[in-house]
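Observations on chain architecture
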Amino acid sequence: MPVDADPNQDFSAYAHPDRLVSTAWLAEHLGDDGLVVVESDEDVLLYDSGHVPGSVKVDWHTELNDAVTRDYVDGAGFAALMSSKGISRDTTIVVYGDKSNWWAAYALWVFTLFGHEDVRLLDGGRTAWQAEGRELTRDVTPVTPSDYPVVERDDSAIRAYKDEVQDRIGKVPLIDVRSPAEYTGERTHMPDYPEEGALRGGHIPTAASVPWARAAAEDGRFKGRDELAAIYHGEAGLVPEEDVIAYCRIGERSSHTWFVLTHLLGHRSVKNYDGSWTEWGNAVRVPIATGTEPGTL
Amino acid sequence: MTEPGPRLPPRLAEIVEDFASVEGKDKLALLLELSDELPDLPEGMEQADMEQVAECQTPLFLTVDVSNLSSVRLFFQAPPEAPTTRGFASILANGLDGESRETVLAVPEDFYSALGLADAVSPLRLRGLSAMLARVKKQLRAA
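Residues numbered from 1 in each chain as written. Chains lettered and ligands numbered in written order. Predicted model: local features only at pLDDT ≥ 70, side-chain atom pairs only at ≥ 80, totals over all residues. Heavy atoms only, no water.

1. Focus: the overall build of chain A
Stated formally: Helix and strand definitions follow DSSP, with helices as H or I runs of at least four residues and strands as E runs of at least two, each counted in order from the N terminus. Each radius of gyration is computed over the set of C-alpha atoms, and the globule rule expresses the reference value as 2.2 Å times the number of residues to the power 0.38. Two residues form a contact once any of their heavy atoms are found within 4.5 Å. Exposure was quantified through the Shrake-Rupley algorithm and a 1.4 Å probe, taking into account, for residues, occlusion by the shown protein chains and nothing else. For the charge count, each Lys or Arg is scored as positive and each Asp or Glu as negative, with His and the chain ends excluded. All charge positions are set by atom: Lys at NZ, Arg at CZ, Asp at CG, Glu at CD.
Of the regular secondary structure elements, chain A holds ten helices and nine strands. Compactness check: chain A gives a C-alpha radius of gyration of 19 Å against a globular reference of 19 Å for 297 residues, within 12% of the reference. Each principal axis of the C-alpha atoms in chain A carries an extent, and together these give about 55 × 45 × 35 Å. For chain A, the proportion of contacts with a sequence separation of at least 24, taken over those separated by at least 6, is 76%. Accessible surface computed for chain A: about 11,900 Å², of which carbon and sulfur atoms make up 49%. Chain A carries 27 positive and 50 negative side-chain charges, and their two centres are separated by 6 Å.

2. A closer look at the overall build of chain B
Selection rule: Using a 1.4 Å probe on the protein chains alone, a residue whose accessible area is under 20% of its type maximum counts as buried, one over 50% counts as exposed, and one in between counts as partly exposed.
Helix and strand counts for chain B stand at six helices and three strands. Secondary structure elements of chain B, listed N to C terminal, follow the sequence α-α-β-β-β-α-α-α-α. Over its C-alpha trace chain B gives a radius of gyration of 14 Å, about what one expects of a compact globule, namely 15 Å for 143 residues. In terms of overall dimensions, chain B has C-alpha extents of about 40 × 35 × 25 Å along its principal axes. Considering chain B as a whole, with its 143 residues, one finds that 50% of them fall into the buried category. Residue pairs at least 24 apart in sequence account for 68% of intrachain contacts in chain B once pairs closer than 6 positions are excluded. As presented, chain B carries roughly 6,800 Å² of accessible surface, and 49% of it is formed by carbon and sulfur atoms. Averaged over its 13 positive side-chain charges, chain B has a centre that lies 7 Å from the centre of its 23 negative ones.

3. Considerations on the sheet that holds strand β7 (residues 208-209) of chain A
Residue and element names in this part refer to chain A. Put simply, the test is: We treat two strands as partners when DSSP finds at least two bridges between them. Only the stretch in contact is used when fitting a helix axis, every axis being a line fitted to C-alpha atoms; angles between N-to-C directions are given from 0 to 180 degrees.
Taken in spatial order, the four strands make up an open sheet running β7-β6-β8-β9, and their pairing is parallel. The outermost strands of the open sheet, each flanked by one partner alone, are β7 and β9 (269-273). Across five bridges, the pairing between strand β8 (residues 243-247) and β9 is parallel. Residue Asp243 lies in a different strand from β9, and its bridge partner there is Ser269. Together, β6 (174-176), β8 and β9 form the strand contacts of helix α9 (residues 252-264), whose direction differs from that of β9 by roughly 180 degrees.

4. Observations concerning the nonpolar core
Rule in force here: Throughout, nonpolar core names a set of buried Ala, Val, Leu, Ile, Met, Phe, Trp, Tyr and Cys residues whose side chains join them through atoms within 4.5 Å.
Phe111, Leu121 and Tyr232 of chain A are the most contacted members of the largest nonpolar core, which has 55 residues in total. When residues in this core are grouped by element, the largest group, eleven residues, is from helix α4 (residues 102-113) of chain A. Beyond its immediate chain neighbours, meaning those up to four positions away, Phe111 of chain A contacts Val58, Leu64, Phe78, Met82, Ile93, His116 and Val119 of chain A. Listed in part, the 44 residues of the second largest apolar core include Leu92, Leu96, Val136 and Leu140 of chain B.

5. Some points on the sheet that holds strand β3 (residues 73-77) of chain B
All names here are of chain B. A sheet is described by the order of its strands in space; here three strands give the open sequence β1-β2-β3, paired in antiparallel fashion. Looking along the sheet, the strands with just one partner apiece sit at the ends: β1 (51-52) and β3. Across five bridges, strand β2 (residues 61-65) lies against β3 in antiparallel orientation. Along β3, the bridge assignment pairs Phe61 with Gln77. Packed onto the sheet, helix α6 (residues 123-142) meets β1, β2 and β3 and runs at close to 35 degrees relative to β2.

6. Considering the packing of α4 of chain A against α9 of chain A
Residue and element names in this part refer to chain A. Worth spelling out the cut-off: The labels follow the angle: roughly parallel below 35 degrees, roughly antiparallel above 145, roughly perpendicular from 65 to 115, and oblique for the rest. Three residue categories are used. Nonpolar comprises Ala, Val, Leu, Ile, Met, Phe, Trp, Tyr, Cys and Pro, charged comprises Asp, Glu, Lys and Arg, and polar comprises the others, including Gly.
It is at 7 Å that the axes of α4 and α9 come closest, and there the two elements cross at 70 degrees. In terms of axis orientation, α4 runs roughly perpendicular to α9. Facing α4, whose interface residues are Trp102, Trp103, Ala105, Tyr106, Leu108, Trp109 and Thr112, α9 presents Glu252, Arg253, Ser255, His256, Trp258 and Phe259. Split by residue class, the contact of α4 with α9 holds eight nonpolar, three polar and two charged.

7. Some remarks on the pairing of strand β2 (residues 35-39) of chain A
Residue and element names in this part refer to chain A. Of all the five residues making up β2, five are buried; the element is thus mostly covered by neighbouring parts of the structure. Here β2 shows no split at all, with Leu35, Val37 and Glu39 on one side and Val36 and Val38 on the other all buried. In this sheet, strand β4 (residues 92-96) lies alongside β2 in parallel orientation, the contact comprising five bridges. Across the sheet, residue Val36 finds its bridge partner in β4, namely Ile93. Note that β2 and strand β3 (residues 56-57) share two bridges and pair parallel.

Below, the structure written as structure tokens:
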């Protein structure tokens, strides 16, 4: 049975308020039957250096990605992973992580590819939990392996591939959530992340630039719905009833934006192009726009 | 296969052997232990005096004291929220601090492959470690 939603009034204006929990809610519900807390970070050791009591770690590099093909694990791999974390198909999962929940949102998005129904984010992530002086422990979480069914991944609804993106330039709005310097082409990578660069800089023609961090308030929690609507609908011109494709560098920051558009603003159809700039900026003969203007095909 | 090359100085060779002798989660535990042991900067040394290694995903600062070339000193600083980066820095600090300029310059660029961390940490993350060693060597060559 799913765990009750966080009744926090701060979330009530969002399209799907049940997709968020507050730090206070999580602190009260730790240890509840049917709840598993997952930490997902950029740093592979951060969980081990201290985590929310009773939580388990899911690492994007070593656990969510296939070890050979550039793809996610398959249905059997996902079932084995979930089972090893003590997660059942009807478990309520709360994900939190570092870097304003980038990797947490990414994990949530991957769990959604497998149709796991009840998966929520901790608003503000690890930083908020820590800033409030809440407990972190190095105690090893005992896990009883669960029985998770093999469910094949369904990429059709929320994942875009390069060919689809190329076909739909000019027909479907694209949103580029990287930093402004990556968008213009001045940089091929984020500051401090040169190892994941690409051969070409710039953006996919027609893509609007809305850096992911604009969705976050100063404390790392999500901004209110009105503020978010002013950014994504007002400035970027997105329409909740229409399709939209988001991308970044490897799909992690755009998972964050995917969460905002889908669950906070209630967009009907949002896809994350996880190949993102590391694929597009290295692909042969795809169109690229440089500079601050979205550009045309 | 994981036998360290003849040119690894003894303390670094020992660390490499420690890593090579354990598997999976134990490798991460060992890296966390090293991360915890990364010494603080000595009194009077400021981050502003250090070089930033941009290849690391989180801020890492390093400096090499070359006032005695037969015993060079390595100093690193990285925040607690970057334990992997701290662990990498600690491998170099523990393994190479106090060695001669020549000894450090002779460490093979790919010594880290013998740690066998690629599966536990991912190859991409490991690049931060090689970048750190490259920066250390660059400072030494300039000395």
